[in-house]
Structures are given as structure tokens and as C-alpha cells.
Amino acid sequence: MWRDAVLVAGKDLRIELRSRVVLHQVLPFGVLVLLLFAFALGPEHGPLRQAAPGLFWLAVLFAGVLAVQRSVAVEGGEGTRDGLRLSGLDPAGIFLGKTVAVVVELLVLEAVLAAGVLLLFGAGVRSAGLLVLASLAGTAGMAAIGTLYGSLSAGLRVRETLLPLLALPVLAPVLVAGTRAWQLGLGTGPSGGSGPWVAMLLVFAAVYLALGVLVFGPLQESA
Amino acid sequence: MAPVVLLRAAVATTGRFPALAGVDLELGQGEVVVLEGANGAGKTSVLRACAGLLPLSAGEATVLGHDLRRDAAAVRRAVGLLGHSPALYDDLTVAENLRFSLRAAGAPAAGRAELLGLLERTGLGGRVAATAAGRLSAGQRRRLGLAVVVGRAPMLWLLDEPHAGLDAEGRTLLEGVLAEALAAGASALVASHEPEVVVPLADRVLTMGGGRVVRSRRGGRRRVLAGGAHVA
Amino acid sequence: MSAPAPPSPARRPPRRALVGASGLAGAVGLGVTVWLGLWVTPPDVHQRDLVRLLYIHPPIAWVALYLAFGLAGVASLLWLWPRTRARLWDRLAASAMEVGVVFTALTLLTGMLWGRPTWGVWWVWDARLTSTALLLVMQLGYLALRRVPADPDARARRSAVAALVAAVDVPIVHFSVDWWHTLHQPGTVLNPELDAKVHGAMAWTLLLGFVSVTLVFVWLLAERYRIEALADEAADAGLEAALEERWAEAGATAQAQAPAGVGS
């Protein structure tokens, strides 16, 4: 399983290095979302700084859906879906590999968006460790859900419209917990303990990584 | 000896359409069976079913000793399918595609030297090996697909219109690697529209119609004797 | 693959009678609940006449959030588990989810009706309203997925995984939104101070509400299941016809081939 996961993650990241679709299309889209939020909320730094954590996670969520769409599209080429099933790869390994590749791509994207939030919205950092930890855990959960639902809708003609409808409501806890953790990390919201929020993100990621490992095999049987 | 492929009254549906409507088919070890028939007769569906890609809704099926209805995953690992459009990642190079496929399959021939040899052999060496697969011509894509099958060294070859898109040199290559695999004990199931090309390769030719095998006749292949000595 | 389908409930009169009885009992029970709730029970000290909505809102919410969703989740799990796999579970999950959507929507509606006079606005970002809204979207997503034309087996597989992912999410959503913000009064019936808050005729009315709404749900679920089973039956019959058509085609090919000699 782990060997196959490394193989698949390496393959997906290599494809991204070659095609640069996430870097050249999804990343600018994420930055654009931040700009559009600023237009919607007005030019004062006050409200923007207040909203910064939520806007960051919303931008990540929307860009994340696109990154997952891309990850599915890579396998969606004619014959490639059958190819993956015939490949002899362990389904759990495929799931973990594709999830890890999406996580790596999203972490790069989040680094840029975080810089954008700090620069454009004038937010300051209170606890960098908390920001990083929350991002890592939240992204892992997000990528797991995305890969799971992505594979679920892969063979379908309506997958572009179906994937966000399926994935985004399930990801609501990541948005809530990620935003709260970032409010504490940026010092923009009400003070409080960050423990429950980080714990929630970690539990979310663990639950869906485990579920994905278990159900990806049966899911691959149907195509 | 147990047959390599055994289908008994196999039924498979795609959507609500019975692509296979009760297929009986037996393929012995070392045998080459050609499937012919009109478009929609069920040739490709037989190959996909034997590859563990198309689940059966009724009937019995054994492929390479695995029960197709219980352990399709094992069947998928064991067979080599050359389909209409080989599974390739357009953004990766030819060499990278081949390496990924062979490593994924845990194929013995995944080392650097073997990869290069395989690419040379299939006419994809040199500059072509470093080309993105998306830039290949249809014939070159088929060759790459063939290279993957050769590298995986399956005991059952499932070839769907293997000659389509290949030039004369490619066809010679195809027949050469197939003959080698057969000599090594593999068997082959070939779907084709070109009887003049494939019938000479076949032990038996099965005509398909309406999702069933309707007729069987001898092919033109010079048999390998039971002892393993070539008659040809 | 799918295990042999259990005999269709459409052909079992005793069970049909039972289903009809539960529907009838549910309808009568609801009528009595309305009568008790509107005319017999007294207004509450704090909530005045608004309390009357509480005879119907918690029962609907219980059916939507726990019964329907739980049933769909468990049935999906049983379908995914190879040993218990049967079409029965797929149909049950689909039916529970579809009937559940109606109850979830009603939960939201009655919740908002209660919220308008209580909080002065139709919508409050209260924990339970918010998570119910999310649940509704998840259920709609599940139904949208089922709508996509696909092989029955493939559809069952996808739907089961989607239902499972959503079902696992429910407690997480609940906690996250609960910690996020809560204005809602604590649960009424599952509250230890039950006796102090609801008593006498009010308690009996609420209990009757729970029983009636549950019976209505069971009735709708059984009817929905029957439709699903009939649709499966029709599809199977269609498959038989398609098979025979295919055989005729095979026969025609064989005839066309036979006289023509061994060519090439």
C-alpha cells in the first residue's frame, strides 16, 4: 500500500510539474478569490482583517475543488481509468497517493494565499505554529474527501457539477474549525483555546483518510 | 489441464443493454483464439469481461485460475489488455509512462536497462522515449501500449484490434512479441475485423453475433506440439 | 455481485396491510396530535401559544436527523459489507434518504416558523438550524448522485459510499457548528428536567406526536421501497426482453454465417 502510494503521488506530482495546471490556473484563481472578497467587503483594512481567516479558508476550499477536479481529470483520459484498475496497484495505495499529491499542491497554494492575506488584508501573525498545524490537518481532510468524491464521480458525465455539491457540505466542519484556528493564530477573533479546533481538524482528517482506505477498493470495482 | 479462460453462459450488461448474452468460451493454455463479428457483436465486451473490467451478472467464469465473479482484482493484475486506447498519461514522457506502468504492476522488467531495451524493441527508443506521450501518433501510442503488455509478461494476452493503426513494421513487431509470449506458455484472445491478418495466427476462430458465440472454426496457425517443439 | 433479490414485498398482502395500517394510524395520530396541541393543551408560561409548535417540530426533527439518516447510513454500510450485500439495503438506503429529505425540509420549515416570533427573524445562525441545512444539502447531493444514469450495481456502490461519508460527517458537523455558535434552547425531551418542563397533557401530546410522525415515516418509507422494488422488477423484465432480442440477433448471425462457406 505505502509503496503504491509513493508511486502514485510521485506520478501525480510529476504530471503537475510538467503541466503546471494547478500552479498556473488554480493558484491564480485562489488569489483572484481573495481580491474579489476585498472588492465585496470594501477597501478598509478593519473588516478585511476581521474576515481574513474565513476568506482564506473559503479561497482554499474553492481552489481545492479545482485541484481535485484536476487530479480526477488526470486519470479521466480515455483508457486511463481502466488502466488504473488494470495497473495492479492497491486501491488504498492509489487513494493515499492521490490524496498526498493534492495535499502537496494545496500546501503550496495555501502558502501563497497566506502571504496574500497578510499583505492585502493587513493581518498579523500571532502564532505561526498554529496556522501551519491547522492548515496541514485541514488540508489532509479536504484532500481525502476530495479524492474520495472525485473517484466516486469520475466516470460520470456530470462530475464537474456533482463534485462541489457532494464535497462542500461535508467539508463545512473544516471551514468552521480552520477559520476558528486561524482567527486565534492571526489574533483577529475572540480569544479562546485552539485545542478543540485543531483536534477537530485532526479527527476529521484521520476519519476520512481511514474511510478512504477502506472503501476505495469497492469503489474501484464500479466504473 | 484447466483452461486459461472458461466462460459458461456469461451475461454482462452495460447500462441496461446485455453486451454479453450468454457466452460460452474456452481457451486452452498456449492457444490463440480469434473473435470476429460485426460491430456490437460483443467482441470487445468478451475481452473486457476476461480482463475483469466488465462485471458478469450471470454465468460462470474462470480466468487464469481466478473466479472472475469473486476475485476480479486478481484477474486484473494477471492479464495483459491491449485496448483501443492504451492507458497513457499525456503529460509524462514515453519512458516515464512505461516505467510507471511496470512499477505499478510490480513487473520484473522494471529496471533501467530492461526499460531501454523494451523501448528500443518497440521502436520507441532514442528521442521518442523522452517525448511526452500526448505528442505521439496513434500508431506510436499502440506501440507504447504493446510495450507495457510485453513488460508485464502476462500469461493471458487480450488484444483488441491489435493491428489497427500499426504500420507494416509495427505489425511484424506485434506478431513477433506475441509469438515469443506464446512460446513461453502464454495464451491469447484476439478480437479483430481483419480476418486476413489474424486468421493465420489463430488456432480457432469464433464468430460472435448478438452477444454470443454463434460459430467456431479452425484457424490457420501451425500448432505448437504438446511437447513444446515448433512444427513451423 | 448482487445477491438474489428477496421476494418483492409487492406480492405480500399481509405486509401490505401492515403498511397501510401504519399509515392510517399515523394519519389519525397526527390528527389527534393537532387537536390536542391546538385545543386541549394549555399555553406555556414562557412561550405562550408557540409551545404548540413543539408537539410537531421535535418529532419531525427526530425522524429526519436520526431515523432517516441513520437508517440510510446503516443500510449503506450493510450493502458495502460483502457478506450482507443485497439489493434490499440499496433500496432501503435510497428510500430512507428520499423520504428523509421531506422531513429535513419540514424540520427547517417548522424551526423557522418557531424562530420568527421567538428571535424576531426567520433565520438565525443557530447550531441546529445550520447543521440541519447542511444535512439537507448532503441529502440532495445523494439524490442527485442517484439520479445519474448508471449500472444498478455501480450506482449502489457509489451511493453507499456517499451516504457513508455523509453519515460519518453528521456528528462532526454537529460538534463544529455547536461550538461555533449556539442560541438554541437545549433539547426539550432528551433533557433530564423533562418532568419539570413538560407535564400532563403536554407530555402525552408530545409522545403521541413522536409516535404518529414515526408511523407516517414508516408508511412513506415502505411505499417508497415498494416503488423502488417494482422499478427494479421492471428493469429486470426489460433485461429479459433485451436478452431475447440479443438472442434473436445471434440466431440471425448464425444463419447468415452457416451457408456461407469457410471463406478466406
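Structure: above.
In this text, all values refer to a predicted model and were calculated from it rather than measured experimentally.

Reading guide: rules and limits
- Residues numbered from 1 in each chain as written.
- Chains lettered and ligands numbered in written order.
- Predicted model: local features only at pLDDT ≥ 70, side-chain atom pairs only at ≥ 80, totals over all residues.
- Heavy atoms only, no water.
- Helix = DSSP H or I, 4+ residues; strand = E, 2+ residues; numbered from the N terminus.
- Rg over C-alpha atoms; globule rule 2.2 N^0.38 Å.
- Buried < 20%, exposed > 50% of the residue type's maximum accessible area, 1.4 Å probe, protein only.
- Contact = heavy atoms within 4.5 Å.
- Patch = residues over 30% accessible without salt bridge, like charges linked within 9 Å, V, L, I, M, F, W, Y side chains within 5 Å.
- Areas by Shrake-Rupley, 256 points an atom, 1.4 Å probe, with all protein chains shown as cover.
- Salt bridge = Lys/Arg side-chain N within 4 Å of Asp/Glu carboxyl O.
- Pairing = 2+ DSSP bridges.
- Axes fitted to C-alpha atoms, helices over the stretch in contact; angles between N-to-C directions.
- Parallel < 35°, antiparallel > 145°, perpendicular 65-115°, else oblique.
- Left-handed = near helix turned anticlockwise from the far one by under 90°.
- Buried area = accessible area lost by both parts, 1.4 Å probe.
- Polar contact = N/O pair within 3.5 Å; in protein donor to acceptor, adjacent residues only side chain to side chain.

**Quick look at the overall build of chain A**
Part 1: Scanning chain A for helices and strands turns up 9 helices and 0 strands.
Part 2: Listing each helix as α and each strand as β along chain A from the N terminus yields α-α-α-α-α-α-α-α-α.
Part 3: In terms of overall dimensions, chain A is globule-like: its C-alpha atoms have a radius of gyration of 18 Å, near the 17 Å expected for 223 residues.
Part 4: Overall, chain A is about 55 × 35 × 30 Å in size when its C-alpha atoms are taken along their principal axes.
Part 5: Within the span of chain A, comprising 223 residues, buried residues form 57% of the whole.
Part 6: Taking the intrachain contacts of chain A between residues at least 6 apart in sequence as the baseline, contacts between residues at least 24 apart amount to 82%.

**A look at the environment of A147 of chain B**
All names here are of chain B.
Part 1: Tracing the backbone shows A147 in helix α5 (residues 138-152).
Part 2: According to the relative accessible area criterion, A147 is buried, its value standing at 0%.
Part 3: Discounting residues that sit within four places of it in the chain, A147 has contacts with L98, L118 and T122.

**Concerning a nonpolar patch on the surface**
Part 1: On the surface, a cluster of nonpolar side chains totalling about 810 Å² of accessible area is made up of L24, V28, V32, V34, W35, L38, W39 and V40 of chain C.
Part 2: Among the structural elements, L24 of chain C can be located in helix α1 (residues 13-40).

**Considerations on the sheet that holds strand β10 (residues 212-218) of chain B**
The strands that make up a sheet are held in pairs by hydrogen bonds between backbone atoms, and each pair lies either parallel or antiparallel.
All names here are of chain B.
Part 1: A sheet is described by the order of its strands in space; here 6 strands give the open sequence β6-β7-β8-β3-β9-β10, paired in mixed fashion. Because the sheet does not close on itself, it has two edges, and the strands there are β6 (79-82) and β10. Shown here is a sheet whose adjacent strand axes are inclined to one another by a mean of 20 degrees, direction ignored.
Part 2: In terms of strand pairing, strand β3 (residues 32-37) meets strand β8 (residues 187-191) through 4 bridges, oriented parallel. Bridge pairing in β8 links V34 to V190.
Part 3: Packed on one face of the sheet, helix α6 (residues 168-183) meets β3, β7 (156-160) and β8 and runs near 155 degrees to β7.

**Quick word on the pairing of strand β4 (residues 58-63) of chain B**
Residue and element names in this part refer to chain B.
Part 1: Note: strand β1 (residues 5-14) against β4, 5 bridges, orientation antiparallel. What sits directly across from R8, in β4, is E60.
Part 2: Bridge count between β4 and strand β5 (residues 66-67): 2 bridges; the pairing is antiparallel. Of the residues in β5, the one forming a bridge with V63 is H66.
Part 3: Counted along the chain from β4 to the antiparallel partner β5, the turn is 2 residues long, and its residue L64 has a positive phi close to 50 degrees.

**So, the packing of helix α3 (residues 45-76) of chain A against helix α6 (residues 128-152) of chain A**
All names here are of chain A.
Part 1: Interhelical geometry of α3 versus α6 gives an angle of 40 degrees and a closest axis separation of 10 Å. Here α3 is positioned oblique relative to α6, judged by the angle of their axes. Considering how the two elements wind past one another, α3 and α6 form a crossing that is right-handed. Two secondary-structure elements touch here, α3 through W57, V60, L61, V68 and V72 and α6 through A134, S135, G138, M142, G146, T147 and G150.

**Notes on the interface of chain A and chain C**
Part 1: Taken together, the contact between chain A and chain C spans 28 residues of the former and 26 residues of the latter.
Part 2: At the boundary of chain A with chain C, total buried surface from both sides reaches about 2,400 Å², with 81% on carbon and sulfur atoms.
Part 3: Among the residues of chain A in contact with chain C, L152, P169 and M200 of chain A are the three that bury the most area, contributing 19% of the side total.
Part 4: Here chain A and chain C share 0 salt bridges between them.
Part 5: Run the count over chain A and chain C and you get 4 residue pairs in polar contact (both at pLDDT 80 or more).

**Side note on the pattern of salt bridges**
All names here are of chain B.
Part 1: For the structure on display, the rule yields 28 salt bridges over all chains.
Part 2: In this structure, R121 and E180 form a salt bridge, with 3.0 Å as the shortest nitrogen-oxygen distance. With a gap of 59 residues between them, R121 in helix α4 (residues 112-121) and E180 in helix α6 connect regions that are remote in the sequence.
Part 3: Looking at R121, the relative accessible area reads 39%, which means it is partly exposed.
Part 4: Given the relative accessible area of 47%, E180 is considered partly exposed.
Part 5: We note a salt bridge from R171 to E194, for which the minimum N-O separation is 3.4 Å.

Distances and angles like these do not, on their own, reveal function.
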